[in-house]
Amino acid sequence: MTELKAKVAIVTGGSRGLGRAIALRLAADGVDVAVCARNGEAAAETAALVEQSGVRSLSRSVDVTDAEQVGAFVKQVSETLGGPDILINNAGITRDNLLMRMKEEDWDTVLETNLKGAFTCAKAVARPMMKARFGRIIGISSVVGIVGNAGQANYAASKAGLIGFSKSLARELASRSITVNIVAPGFVPDTGMTGDLPEAAVESMMSNVPLGRSGTPEEVADAVAFLASDRSAYITGQVLAVDGGMTM
Ligand code: NAP
């Protein structure tokens, strides 16, 4: 994977779960990785792990819904590490409920974080990427954004929106050799997002997975690392489901 060397990546929501696995995978490939999350201390823990791969890292407390914080972070990354060449729009939250019980605030917070956050981050990195005539923007959507899920209308809308947003960006930025793709994970247990799911919900989900098991953060990170590499140069505007066949 030497082709990733000397690149600089930003992983949003890199403090734990899939974001941390993605940051560590990119670092193992020789990428300098900047991570952010609202909890700056947890993001710093990831940065310390990233540095164990012998690459540079930095971390900062950033709320991706705040354009000013995002802009300052991207500037800091650019001045300290260079680039950024790669953006992983991974930060995400859930506020699950059935439509009739879903509060407007739960709709707004999920859309603000999962969709507007991706817009804010992509806008902040687009200029340096266009100047460099190179870039990789990868959004972490979900199978729920493809097939929907009862009780997750806000989350599904945000993840489906991320797909439309990324395909549009892919068309806008292609002439500058910037590719924009989506990874749509299926069920990956034991992250902050899935840790509290009742056993019955997990069993029901597993019955729809042809490969008969849940995924791992590392399997998602492998797909992201491929799309971040030079080996994916002719792939843009695509949705790669890492879901054991759930949405085939
Ligand atoms: P997680 O463990 O809860 O991690 C979420 C990350 O996002 C944390 O680092 C969190 O840190 C950060 N974050 C949340 N709101 C933020 C904000 N406003 N600004 C900056 N950072 C923010 O969840 P995960 O399971 O790893 O999920 C990661 C991504 O994968 C999400 O987009 C999720 O939708 C997607 N996904 C997960 C699964 C799964 O099964 N696990 C499946 C499909 C898709 P702070 O709270 O400190 O901000």
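All of these numbers come straight from a predicted model, not from anything done at the bench. (Residues numbered from 1 in each chain as written. Predicted model: local features only at pLDDT ≥ 70, side-chain atom pairs only at ≥ 80, totals over all residues. Heavy atoms only, no water.)

### Describing the overall build of the protein chain
Consideration 1: When helices and strands are tallied, the protein chain shows eight helices and seven strands.
Consideration 2: For 248 residues, the compact-globule estimate of 2.2 N^0.38 gives 18 Å, and the C-alpha radius of gyration of the protein chain, at 17 Å, lies within 12% of that figure.
Consideration 3: Principal-axis analysis of the C-alpha atoms gives the protein chain an extent of 45 × 35 × 35 Å.
Consideration 4: Split into buried and exposed, the 248 residues of the protein chain put 48% on the buried side.
Consideration 5: Looking at the protein chain as shown, the accessible area adds up to about 11,700 Å², and 51% of this sits on carbon and sulfur atoms.
Consideration 6: Treating the 24 positive side-chain charges of the protein chain as one cloud and the 27 negative ones as another, the clouds have centres 8 Å apart. (Helix = DSSP H or I, 4+ residues; strand = E, 2+ residues; numbered from the N terminus. Rg over C-alpha atoms; globule rule 2.2 N^0.38 Å. Buried < 20%, exposed > 50% of the residue type's maximum accessible area, 1.4 Å probe, protein only. Areas by Shrake-Rupley, 256 points an atom, 1.4 Å probe, with all protein chains shown as cover. Lys, Arg positive; Asp, Glu negative; His and termini not counted. Charge placed at Lys NZ, Arg CZ, Asp CG, Glu CD.)

### Some details on the site of the ligand
Consideration 1: The immediate surroundings of the ligand are formed by 29 residues, with Ser 15, Arg 38, Asn 90, Tyr 155 and Thr 191 found nearest.
Consideration 2: The separation between an oxygen atom of the ligand and a polar side-chain atom of Thr 191 is 2.5 Å.
Consideration 3: For the ligand, an oxygen atom lies 3.4 Å from a polar atom in the backbone of Met 193.
Consideration 4: Contact with the protein chains covers 96% of the free accessible surface of the ligand, which is 870 Å².
Consideration 5: Mapping the ligand onto the cavity grids shows that it belongs to the largest pocket.
Consideration 6: Of all the elements in the fold, those that place two or more residues in the shell around the ligand are helix 1 (17-28) and helix 6 (153-173). (Near = heavy atom within 4 Å. Polar contact = N/O pair within 3.5 Å; in protein donor to acceptor, adjacent residues only side chain to side chain. 1 Å grid on protein atoms, 1.4 Å probe; cavity = no way out; pocket = protein on both sides within 12 Å on 5 of 7 lines; lining within 4 Å. Sits in = over half its atoms within 2 Å of the grid points.)

### Observations regarding empty space enclosed by the protein
Consideration 1: This structure, assessed with the given rule, holds two cavities of 30 Å³ or more.
Consideration 2: In this model, the largest cavity occupies a volume close to 60 Å³.
Consideration 3: Lining of the largest cavity is provided by 13 residues; of these, Asn 89, Asn 90, Ala 91, Asn 114 and Ala 118 occupy positions nearest its centre.
Consideration 4: With five residues, helix 4 (residues 104-132) is the largest single contributor of residues to the lining of the largest cavity.
Consideration 5: When grouped by side-chain class, the residues that make up the lining of the largest cavity number six nonpolar, six polar and one charged.
Consideration 6: If you go around the second largest cavity, the residues you meet are Ile 10, Thr 12, Cys 36, Val 62, Val 70, Phe 73, Val 74, Leu 87, Cys 121 and Val 125.
Consideration 7: Counting residues per element, the ones that place at least two in the lining of the second largest cavity are strand 1 (8-12), helix 3 (67-80) and helix 4.
Consideration 8: Looking at the lining of the second largest cavity, the element that brings in the most residues is helix 3, giving three residues.
Consideration 9: For the lining of the second largest cavity, the residue count by class is nine nonpolar, one polar and no charged. (Points joined across faces, edges and corners; volume = space filled by probe spheres on them. Nonpolar A, V, L, I, M, F, W, Y, C, P; charged D, E, K, R; others polar.)

That is the geometry; function is a separate question.
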